[in-house]
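# An overview of the molecular structure
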Amino acid sequence: MTDALLSVRGLEVGFQTDQGLARVLDRVNFEIGHGEIVGLVGESGCGKTTLARAILGVLPKNAVRISAGEVIFEGEDLLKKADHLLEAEVRGRRITFVPQDPFTSFNPVFTIGAQIDELMKYKSPASKAGTGVRFYGGARRRADRAKVIELLRTVQLPDPVGILRKYPHEVSGGQRQRLMIAMALLPEPQLIIADEPTTALDVTIQAQILKLLRRLATERGVSVLFTTHDLGTAYEICDRITVMYAGQEVEVAPTDEFFAAPRHPYTKRLLESLPSREHGIRGIPGSIPRVIDPPRGCRFHPRCDFATAVCTETRPGVTEIGERHMVRCYHPVFSEQEAAE
Amino acid sequence: MIPRDDNALLRLEGVSKYFPILNAWKRRTGWLKALDDVTLSVHKGEILGVVGESGCGKTTLGKTVMGIHPPTAGKIIFEGNDIAGLPPHAARGLRQHLQYTYQDPGASLDPRWKIGRSLHEPLVIHTELTHAERQQRVHEILDAVGLPEEHLDLYPHEISGGQQRRVGLARILTLHPSLVVLDEPTSGLDVSVQATILNLFLDLKSDFDLTYVFISHDLSVVRMVCDRVAVMYLGKVVELGGTEAVFSNPRHPYTRSLLSAIPQIGKKRITEDFWLEGEPPDPGNLPSGCRFRTRCPIATDRCAQDVPPLVEHQPGHSDACLFSEAGA
Amino acid sequence: METARFLLRKLASDRTAAVGALLILLLIVIAIAAPVLATHPEDVFEFHPSERLQGPSAAHFFGTDRMGSDIYSRLLFGARITIAIAVIAVGVSVLVGVPIGLVAGYYRNWVSDALMRVSDIFLAVPQIVLAIAIAQTLGPSIENVILALSATYWPFWARLVYAESRSALNETYVEASIALGASPWRVMVLHVLPNISSAVIVRTTIGMGGTILTAAALGFLGLGPPAPSPEWGRTIAESREFLPEAWWYATAPGLAIFLVVMGFNLLGDGLRDILDPRIRRSRDD
């Protein structure tokens, strides 16, 4: 996709630990188009959170080693950009973030209104990127405040004016996530990175938040990178899904096709392990490899039924299955192959 | 009314647990009714699921049954004895066969104790067995849960999360319990690992002739594994019945909204027409009558007057809604 | 025991703690070997008026005092008194304060309130004033110093253990033990106490330093062991009228007190870094 909003190419990220270099991302490719909601799905240790953080540029500097790759956002490689410029122009402005844990995302000693004001002071579209704001003037402040109230209403928070006076511990988890979504939308970003935003929420609140997020993103043409380990939520909200395993992306497909016709053996097994009456209780034997000394080639090969010698040597390249459906496997699974077993 | 079930292994009758709400001067300003007049039975050999969202009281239910919280009212009858209000060490003999597993299995093990010592502890507390006899029981259980003997000399932080879970299970199995309360047993697990743990639970159930109370917020897992399910909302049981019956034909409006919130892959997206609005009311300040009426699409004035009782409208399937008979 | 070996290894790598440990070790060695190390051991009791107030020399490393006794030797024997006071006073405080703290921490009723109020009362009594009162009624001596110190010091441990055990009781593994039917004794002594021990150890080490300082102050005020005891605080008191000419008279004991208290504080700081929470996370290196 040449006109992608964000394009990650060949990103290789490691963390220096006491036991050696943890190869958390293995030359990962990833793309988000304009106005698209893309799901990044995977189990623990797959690297989805690291990928999200790498895009934002917030990986711990003393431990991380980015050995290869680029993160092209609107034509610019974010990995090569100076951190203070990233901070001023990109983070919290063109790319915003909705975190997973609604309970620790706010500073507990300031009111919500104060924290949103702080955000608007530095990151509102009316302010120039990178300018040190010394005077937050009356007219701009009033305009910003009106925008804030309007957006809080849009995220269906009851009594927007009242909630600005409250402290974070006085509002519920679901309300806090709505606030985070509002704060992510206020700077009018091009991309929102939502890192497991509904994992900590009850299922009925989750349904409300997913509905809201999808509607707002679509209405405003904002792209969303939505990471999750829950395939059900990915099905609900995403246009396209990328699945990762142990630091490698293995399959990318439009949502319906992803679930109806998965091609990668891991994707298939993963979908089969969802509790369902057809499959009973099925898991994937074996365990997720350690990233300190990962398997060579395709990292799923120790647990894969179709693995052959080539799988253990070199990582498979990209095979295009259909339009926008790509898989990285030497033996993608097709239904004829299943019938043949 | 719910028929008396004298064959129940565990029976809760009118169990309530209220926590005082204290203001800054430690004066009680109200009650948080975490459990309110809960009546249900657990039959021998079944897996009873208890589901609900945060604040519904399912965790408090587990802990009250275990005696960690003394109930404010009601009876808890286990193996024929009323154990309500007796703290675990006082009622040691009566409670020996009633055990509990934790959501975070690593946290439930003392980090300074070797695993072997943690496994011996229940036997030291409850029995008069010698060290050698205890060691033998521990070895038997290690086999049953699939843990290697070397683990006895390790500390909890030296083994993986999955193995910690097995240790937690092993620890309670040494006492040969008859009823085990499982608190969020699959929470936080990857989907592919979940199956292994669930299969382990089922194997242990048949090997040791166990009965489970399965507390979980994950409805798809509950549907797979449980025979009956109790749906809780703000401290009360709003629906109770066979799993398939409740899931395919929910009678209480809350159950219906809960089930319709679960994403179903391949089917219509819930985000398109999910209807439940707002949030649960403040638990310290509950609405009169039916607690769900503030969010219920079919609520009327009657709903504000009396608390609807749990009524068995169909054999084995009860619900607490005044209008459930009227149909969906 | 493997914990001891682990501790020693960590101590060696943390320089401040190592210095502190060495100072304390030196103190202990000196106290034990005083008769051997002293050049004039008999000077603890004997005096030689003809040699009074001589400056430091080869014969008398730290000079002589107003009675002509060798200050260096008296200092070494004074170390024994210092250690005795510190160890016994702190030991008694720990033995009294920790169990009280555990009981108060476990129960959430009038028992716990009563115990904490009692410890508050004792905390409100200033040590020096109590020591004076005891010295007046019972006469000045080592035992009375220890009594005064213990009586006012135990609440520190009671409060510490109370606070730590209250938070430890919220830990899941403690709850699990209770659910298994463990008696309060088992819960507090076998589960809670080992897990709060690092806080207690650190407090005890630092407490030693404070005790020594206070004991020296009491000695200085004349409330401690009477003449001719070589107690360090008393020695400083004796030196007052001869300052500033006989500078060595006050400097030697003053320096000794300083080094000992410093040693305990450094060791305590180092132990705090070593024991909390690293020991929980990486028992294997």
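Model, not experiment: these values are computed from the prediction.

Take the overall build of chain B next. Helix and strand content of chain B: 10 helices and 12 strands. Relative to its length of 328 residues, chain B is compact, with a C-alpha radius of gyration of 21 Å against a globular reference of 20 Å. Based on the C-alpha atoms only, the size of chain B along its principal axes is roughly 65 × 50 × 45 Å. In chain B, buried positions account for 48% of the 328 residues. Taking contacts inside chain B between residues at least 6 apart in sequence as the whole, the part at least 24 apart equals 63%.

This brings us to the sheet that holds strand E5 (residues 81-82) of chain B. Residues and elements named next belong to chain B. Reading across the sheet, the 4 strands line up as E2-E1-E4-E5 and stay open at both edges, with antiparallel pairing between neighbours. Here the strands that pair on one side only, and so sit at the sheet edges, are strand E2 (28-43) and E5. Note that strand E1 (residues 8-22) and strand E4 (residues 73-78) share 5 bridges and pair antiparallel. Residue pairing in the sheet places Ser16 in a bridge with Ala73 of E4. Docked against the sheet, helix H1 (residues 58-66) engages E1, E2 and E4, running at close to 75 degrees with respect to E2.

Residue and element names in this part refer to chain A. Ordered in space as E2-E1-E4-E5, the 4 strands form an open sheet in which the pairing is antiparallel. At either end of the open sheet lies a strand with only one pairing partner, and these are strand E2 (20-32) and strand E5 (76-77). Taken together, the 9 bridges between strand E1 (residues 6-17) and E2 define a ladder with antiparallel strand orientation. Counted as the bridge partner of Leu11 is Val28 from E2.

Moving on: the domain arrangement of chain B. All names here are of chain B. What the domain assignment lists for chain B is domain 1 (8-97 + 177-326) and domain 2 (98-176). Facing the 21 residues of domain 1 at the interface are 16 residues of domain 2. Elements with a minimum of two residues in the side of domain 1 that touches domain 2: H1, helix H2 (92-95), strand E7 (179-183) and helix H6 (191-208). Residue classes in the side of domain 1 that touches domain 2 are distributed as 12 nonpolar, 4 polar and 5 charged.

Time to look at the environment of Arg203 of chain C. All names here are of chain C. Here Arg203 shows up in helix H8 (residues 184-220). Judged by the 23 C-beta atoms lying within 10 Å of it, Arg203 is buried. For the pair Arg203 and Arg272, spaced 69 residues apart in sequence, the C-alpha separation works out to 8.9 Å. Setting aside chain neighbours within four positions, we find Arg203 in contact with Phe156, Trp157 and Leu160.

Each partner contributes to the interface: chain A provides 30 residues, whereas chain B provides 29 residues. Of all the secondary structure elements, the ones that give two or more residues to the side of chain A that touches chain B are helix H7 (203-220) and helix H8 (231-237) of chain A. No other element matches H7 of chain A, which puts 9 residues into the side of chain A that touches chain B. When grouped by side-chain class, the residues that make up the side of chain A that touches chain B number 13 nonpolar, 11 polar and 6 charged.

The next subject is the packing of helix H4 (residues 131-145) of chain B against helix H5 (residues 161-173) of chain B. All names here are of chain B. Close contact between H4 and H5 brings their axes to 9 Å; oriented N to C, the two are set at 135 degrees. Compared by their axis directions, H4 and H5 come out oblique. Pair H4 / H5 crosses with right-handed handedness. On H5, the residues that touch Ile141, Leu142, Ala144 and Val145 of H4 are Arg166, Leu169, Ala170 and Leu173. Class assignment for the residues of the contact of H4 with H5 results in 7 nonpolar, no polar and 1 charged.

The rules we used
- Residues numbered from 1 in each chain as written.
- Chains lettered and ligands numbered in written order.
- Predicted model: local features only at pLDDT ≥ 70, side-chain atom pairs only at ≥ 80, totals over all residues.
- Helix = DSSP H or I, 4+ residues; strand = E, 2+ residues; numbered from the N terminus.
- Rg over C-alpha atoms; globule rule 2.2 N^0.38 Å.
- Buried ≥ 20, exposed ≤ 12 C-beta atoms within 10 Å, placed from the backbone.
- Contact = placed C-beta atoms within 7 Å.
- Pairing = 2+ DSSP bridges.
- Axes fitted to C-alpha atoms, helices over the stretch in contact; angles between N-to-C directions.
- Domains from an automatic or database assignment.
- Nonpolar A, V, L, I, M, F, W, Y, C, P; charged D, E, K, R; others polar.
- Parallel < 35°, antiparallel > 145°, perpendicular 65-115°, else oblique.
- Left-handed = near helix turned anticlockwise from the far one by under 90°.

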